[in-house]
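# Coordinates in review
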Number of protein chains: 2
Amino acid sequence: MPITVPVLREGVDPAWLPPDAFRPLGARRTLVHGSGPLVDTVHGEVTYASGRLGGEVVRDASGAPYDLVLRVADAAGNPAEADDLGDLSNLGDLGDLGDEGFVFERSDGTTRVTASGQRGLLYGLFHVVRLGEDAFHGTRDREVHRPATALRMLDHWDNVAVHPVMGQVERGYAGGSLFWQDGQARGELERVQAYGRLLAACGINAVSVNNVNVHEAEAHLLTDRIDEVARIAGALRPYGIRTHLSVTFAAPIVLGGLSTADPLDESVRGWWAEAVHGVYSAIPDFGGFVVKADSEGQPGPFTYGRSHADGANMLASVLAPHDGTVHWRAFVYDHRQDWRDRSTDRARSAYDHFAPLDGEFAANAVLQVKHGPMDFQVREPVSPVLGALPRTRVALEVQATQEYTGQQRHVCWLGPMWSEVLRFRPDGEQGPVIGELARGGLVAVSNVGDDPFWTGHPLAQANLYTFGRLAWQPDADARRILDEWIALTFPSAPERLVEGLRTVLHGSWRTYEKYTAPLGVGFMVQPGHHYGPSVDGYEYSPWGTYHFADRDGVGVDRSAATGTGYAAQYAKAWAELYESPDSCPDELLLFFHHVPYGHVLRSGETVVQHIYDTHFEGVEEAEEARRLWAGLADLVEPAWHARVAERYEEQVRNAREWRDQVNSYFLRKSGIPDGQGRTIY
Amino acid sequence: MPITVPVLREGVDPAWLPPDAFRPLGARRTLVHGSGPLVDTVHGEVTYASGRLGGEVVRDASGAPYDLVLRVADAAGNPAEADDLGDLSNLGDLGDLGDEGFVFERSDGTTRVTASGQRGLLYGLFHVVRLGEDAFHGTRDREVHRPATALRMLDHWDNVAVHPVMGQVERGYAGGSLFWQDGQARGELERVQAYGRLLAACGINAVSVNNVNVHEAEAHLLTDRIDEVARIAGALRPYGIRTHLSVTFAAPIVLGGLSTADPLDESVRGWWAEAVHGVYSAIPDFGGFVVKADSEGQPGPFTYGRSHADGANMLASVLAPHDGTVHWRAFVYDHRQDWRDRSTDRARSAYDHFAPLDGEFAANAVLQVKHGPMDFQVREPVSPVLGALPRTRVALEVQATQEYTGQQRHVCWLGPMWSEVLRFRPDGEQGPVIGELARGGLVAVSNVGDDPFWTGHPLAQANLYTFGRLAWQPDADARRILDEWIALTFPSAPERLVEGLRTVLHGSWRTYEKYTAPLGVGFMVQPGHHYGPSVDGYEYSPWGTYHFADRDGVGVDRSAATGTGYAAQYAKAWAELYESPDSCPDELLLFFHHVPYGHVLRSGETVVQHIYDTHFEGVEEAEEARRLWAGLADLVEPAWHARVAERYEEQVRNAREWRDQVNSYFLRKSGIPDGQGRTIY
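So, how was this worked out
- Residues numbered from 1 in each chain as written.
- Chains lettered and ligands numbered in written order.
- Predicted model: local features only at pLDDT ≥ 70, side-chain atom pairs only at ≥ 80, totals over all residues.
- Heavy atoms only, no water.
- Helix = DSSP H or I, 4+ residues; strand = E, 2+ residues; numbered from the N terminus.
- Rg over C-alpha atoms; globule rule 2.2 N^0.38 Å.
- Contact = heavy atoms within 4.5 Å.
- Areas by Shrake-Rupley, 256 points an atom, 1.4 Å probe, with all protein chains shown as cover.
- Lys, Arg positive; Asp, Glu negative; His and termini not counted.
- Charge placed at Lys NZ, Arg CZ, Asp CG, Glu CD.
- pLDDT = per-residue confidence, 0-100.
- Disulfide = S-S within 2.5 Å.
- Buried < 20%, exposed > 50% of the residue type's maximum accessible area, 1.4 Å probe, protein only.
- Expected span 1.5 Å × (residues − 1).
- Pairing = 2+ DSSP bridges.
- Axes fitted to C-alpha atoms, helices over the stretch in contact; angles between N-to-C directions.
- Least-squares fit on C-alpha atoms with pLDDT ≥ 70 in both.
- Polar contact = N/O pair within 3.5 Å; in protein donor to acceptor, adjacent residues only side chain to side chain.
- Buried area = accessible area lost by both parts, 1.4 Å probe.
- Salt bridge = Lys/Arg side-chain N within 4 Å of Asp/Glu carboxyl O.
- Phe/Tyr/Trp six-rings, centres within 6.5 Å; stacked < 30°, edge-to-face > 60°.

## A closer look at the overall build of chain A
Each helix and strand in chain A was counted, giving 19 helices and 20 strands. What you see for chain A is a C-alpha radius of gyration of 26 Å, in line with the 26 Å of a compact globule of 681 residues. Overall size of chain A, expressed as C-alpha extent along the three principal axes, is 80 × 65 × 50 Å. Within chain A, contacts between residues separated by at least 24 positions form 72% of all contacts whose residues are at least 6 apart in sequence. Of the roughly 23100 Å² that chain A leaves accessible, carbon and sulfur atoms contribute 50%. Computed over 61 positive and 92 negative side-chain charges, the separation of the two mean positions in chain A equals 2 Å.

## What about the confidence of the model for chain A?
On average, chain A scores 95 in pLDDT, and the residues at 70 or more come to 96%. Model confidence for the complex is summarised by a pTM of 0.93, with the ipTM given as 0.89.

## Regarding the state of the cysteines
Residue and element names in this part refer to chain A. Under the counting rule described, the total for this entry stands at 0 disulfides over all chains. The thiol of Cys412 is unpaired, and the distance to the nearest cysteine sulfur, on Cys202, comes to 18 Å. By relative accessible area, Cys412 is classed as buried at 2%.

## A look at helix H3 (residues 118-131) of chain A
In this model, H3(A) (14 residues) spans 20 Å end to end at C-alpha, consistent with the 20 Å of a helix rising 1.5 Å per residue. Of all the 14 residues making up H3(A), 13 are buried; the element is thus mostly covered by neighbouring parts of the structure.

## Here's the deal with the sheet that holds strand S12 (residues 206-208) of chain A
Residue and element names in this part refer to chain A. Judged by pairing direction, the barrel is parallel, and its 8 strands sit side by side in the order S7-S12-S13-S14-S15-S16-S17-S18 before closing back on the first. The mean angle between the axes of side-by-side strands here comes to 25°, regardless of whether they run parallel or antiparallel. Examined bridge by bridge, strand S7 (residues 152-155) and S12 share 3 bridges and lie parallel to one another. Bridge pairing in S12 links Asp155 to Ser208. On the sheet, helix H6 (residues 226-236) packs against S12 and strand S13 (242-246) and is oriented at approximately 150° with respect to S13. The sheet contacts of helix H9 (residues 308-319) involve strand S14 (288-291), strand S15 (325-329) and strand S16 (365-370), and relative to S15 the element is tilted by about 160°.

## Considering the relation of the copies chain A and chain B
Put simply, the two copies of the chain differ by a rotation about an axis and a shift along that axis. Each copy superposes on the other: chain A lies on chain B with an RMSD of 0.1 Å after a rotation of 179° and an axial shift of 0.0 Å. Classification of the inter-copy transformation places it as that of a two-fold axis. Interface overlap between copies: 100% of the residues of chain A at the interface are likewise at the interface in chain B, consistent with a symmetric, same-surface contact.

## Some points on the side chain of B:Asp674
All names here are of chain B. With respect to the helices and strands, the residue Asp674 is situated in the segment after helix H19 (638-670). Within the structure, Asp674 has its side chain in polar contact with the side chain of Gln609 (distance 2.8 Å). Engagement of the side chain of Asp674 in a polar contact is seen with the backbone nitrogen of Arg678, the distance being 2.8 Å. If near-sequence neighbours (up to four positions away) are discounted, Asp674 is found in contact with Gln609, Tyr612, Asp613, Phe616 and Ile680.

## Quick look at the interface of chain A and chain B
If you look at the interface, chain A gives 22 residues, while chain B gives 22 residues. Both faces considered, chain A and chain B share a buried interface measuring about 2200 Å² in area, 46% of it formed by carbon and sulfur atoms. Linking chain A to chain B there are 6 salt bridges. Here A:Arg340 and B:Asp660 are joined by a salt bridge, their closest N and O atoms 2.5 Å apart. Linking chain A with chain B are 17 residue pairs in polar contact (both at pLDDT 80 or more).

## Considering the packing of aromatic side chains
Residue and element names in this part refer to chain A. Evaluated as defined, the whole model comprises 65 aromatic pairs over all chains. Ring geometry for Tyr123 against Trp472: centres 5.0 Å apart, planes inclined by 65°, an arrangement best described as edge-to-face. Placement of the pair is Tyr123 in helix H3 and Trp472 in helix H12 (residues 461-472), with a sequence separation of 349 residues. Under the relative-accessibility criterion, Tyr123 is labelled buried at 3%.

## Side note on unusual backbone geometry
Residue and element names in this part refer to chain B. The phi dihedral of Asp108 falls on the positive side, at around 50°, and the residue is not glycine. Position of Asp108 among the secondary structure elements: in the loop between strand S4 (102-107) and strand S5 (110-115). Positive phi, normally seen in glycine, also occurs at Leu519, with a value near 55°. Position of Leu519 relative to the elements: it lies in the loop between helix H15 (508-515) and strand S19 (553-554). Residue Leu519 is classed as buried on the basis of its relative accessible area of 5%.

Below you can see the structure in the form of structure tokens.
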């Protein structure tokens, strides 16, 4: 039986799956062949589209020809069931497709998607949707599609009970939670299913449904409230999403009444084994746990003098029998640092903690590492941890939610940033080993909430889509992914709109970088909520986030020779590059070095003049984008256009605030006037 | 019938009315003569004390001699009722005692308190309590006691419904609200009555029971929830406290469904008249309204193009028939100022708004003016508004709650600051016209909550007591008031404890000033919660709070010649003094002038060296006070001592943070090293 495609309430944006995106597919005669729940989903999708657009769907092979054949075949390329689909031998060996890959081809007027697993068929379906009419014209040679990594995940920092400080969704900028409301799982889960559908269409296969900071109410999801998680899992399952849960390492104490949570204590292990058994009884395909341990106040193995490998492996061992995974976050540092102490460097912390543990983690433990050594700043070097544990499953974590990149009030398309990270080679070599960093998985903190546009800022949908597609194919051209997103979201967009969307999105990350914290220095944000400028906001704080600006210069000396030694955590080629202010890339200069305001950058400009120039430019670019967007009003659905236009007002206002505060700060401190004589306050 | 004296729950501190404070009174034979509810209160107090201590109380004259006679007499000095109290003629004319004054004398072994009004008798009773044994020895000539002003008020910034940002008590540092809990008036009001008793004992006669920022739930107190206010008023009434309410100027719209709140609109006036009628039906002795209008987002008459006199007078006119008063706050300024705009000066604002309105306010309108032109900083000049409206009832508002003075985690006894303010003569003359500023009333924002010690920091009780006594007698010596407080709170304290308490309290305000924002510049605090240092925290904000520090100097030029002109808002003598950096008092220099770091103060020290020195000294003083307090452990009740000791730990920690952040900030900015070579980071 085909499933019923979830229908969105009036007013909820269809994002990148508007009905028109299915127009080419829905008008055709399609065979869906194979069996199983995800095949039912594929069947449901095609049936729904055909129902709207006059196509025809056949489930069991019954007489050719078809415009489109979607089928699950066995490992040898044979149809899953005896049927009459014609010659399949040219598909060759499908064994290496795995559960998620698929083969796409078109010949003799028929487009064929063949998968060896049901998930692959689902992804193949959306591949056809993405191709649109192109999927049904001419001949296309056999293409094999496989994801680069099996783990393509979104972490939701959603609280069940509204947190008094952090609210319903920690660092959420898109309304409430999709999953939780009024302290419990939502009763109506159709939108959750629709969310799963959007994620499947860009290749995401895993979701964690609660905040990594696990508060009291949320701790109980693991045990007596697992039925609520099971209902969410049930809504996500038809789209191939495995549900995960963030848990507190102190659960044996908090929930189990034990006196310890020591990972080497047998009663603790026993408690966890029991708990995991309960979870899998409720959710047979449960994905696993996400754990933030010994970090920012969360409990962890350090309490018991155990290593993080001890902690992760204990959980891994109880999850293993169920095919579950533990996602262990490497975000461990001293968040009560004394700002007076310049010998401690937060950037070093994750490497110092985890690099020595390489090889000690279980096979089903994933070490989840933020892309930079600090915390999702607009510009950071790639974390050296990502190259430091070759014998460990390391997943790369990025932030789709725009905590430090404009909080979905600013346009900031992160595709180029993520691409740069994914193209980084830890060994310092040049060349095409793209995506190496993502071999253990790609994880993003979700930017989605119950906002009608899903992401608050409608253009922030592009970040979610881009993340999913990069997780599938880390070496993909981000701009090509963006074009996919534009084509799906605006299926009949005239060239002026396409070009306009490209223009406002392509450079938006660099624009944001220009008007905010300069040259990689980071953290010049308002403390707490992290929106808007406060140059000294984190300068005298316990969070390990300093720029050390004085009347002579600015930046953090992280060299091996005279600084904290962070630069030496990289392989030789990178370490040498970063070690010297002369070779260090401009955009990371203040991350690695404390330099005088008159220091001349590789660009030929002085540091302080660079600060002035980029801040004026950044605001001008934001103003120009706002102007451009205003000119597209005739081409975009009014509510959609208005929401973006309204956010541009705020972006420009806030960008000017960034410009003037940062420039004034450095003018007052350096005393060096702007070379172009512009107004600085 | 005597009233029942409220009994505190176990664990609640008796503050300055411990049972032992009544020891001298309670052991004697007392006549309470007169009738009325407050005489019943006096009777109850004496009865309660006598019951504990073996004294005797007589209500109707029945044979002398008495140790103590407390009586209400008529204006001619005759007993209120026919009785046999002996010769009263020597009391002379009591007409000028008013309702609150009393005469105290002792002769022939009898101590006599005679009042012409019931309130006077209550205050006379507590005068006897304060005197202790001294009230019963020898002979004392007739003393006439009258309060300097009829309005001695505490404003509670208590929310009924917990505010998502500001909590139960806005700027409250002593737990929850005494009045409100779980969104409604407390069911058990015995502690409220005990609070009224403490207030009466220091002379306070008015309380406003809800926050001047009137949110949605609180708006309804005026109408459909007035019964809750009436219950609180009932608990305060036996101690002579009139209850007031903060109301929203938009009430006719919010509650009445009118389309306007224009004060000149007849339907608006009619609505208010009706509302006031309802209030007085429920609370016949209701005091009046407190209004924060056109301020920090609160609505006001400006919306309708009306003046603040229009707004205040409309409310005054509907309150007048009931003997009610409107307290109109002068805290009006642009809280969305552009920090780039140096021509706007928040300090000027209240004067600019209100000085032109002198003579226009109704007789029962009180203009409530903060002591400084900004916002309760540890050091500000006295507000020029206080001298600018001679034909207006102007009340002085201070903050007992320590929003900017350590939040009841730091010891900061504010008596000396308030005394300085009260001794300020707006006309610039020297001499004894003390208390002129307080002729229209004295108002403090309360520092009390449901904390067992009432004020969070037990030593902060001294602020509340001092405020009440200064309100009664503004020219009183603050140190003498503190001695009263010590004697009442610790009735049998040995000299070492008395001396210790004096030492830790006397200089505490100046100590706090030393380690926080220097030389009157103010506002170097963490934004939002206002605890702890953030030198640039309010520098680029919309709140009108700037210090303009750059690499060369710091301070705000508020001179008439080259600055904002604020200095010219004072009478000539003050204006001239403040106008020049040479004559401006050091402690206000940066409030009035922007000067180079090398500027030499009247003290002979440079500005930057003064900053360093005072910050080191301030921390040393806090450390010394902590040490001294530790040495008093044997003399103070353990829980009381421990609470103070624990707060000293935090005070010293936080004072060091202030010292190091402020010193580091100015070292980094000025580049001028400390002359004594101490460590600055």
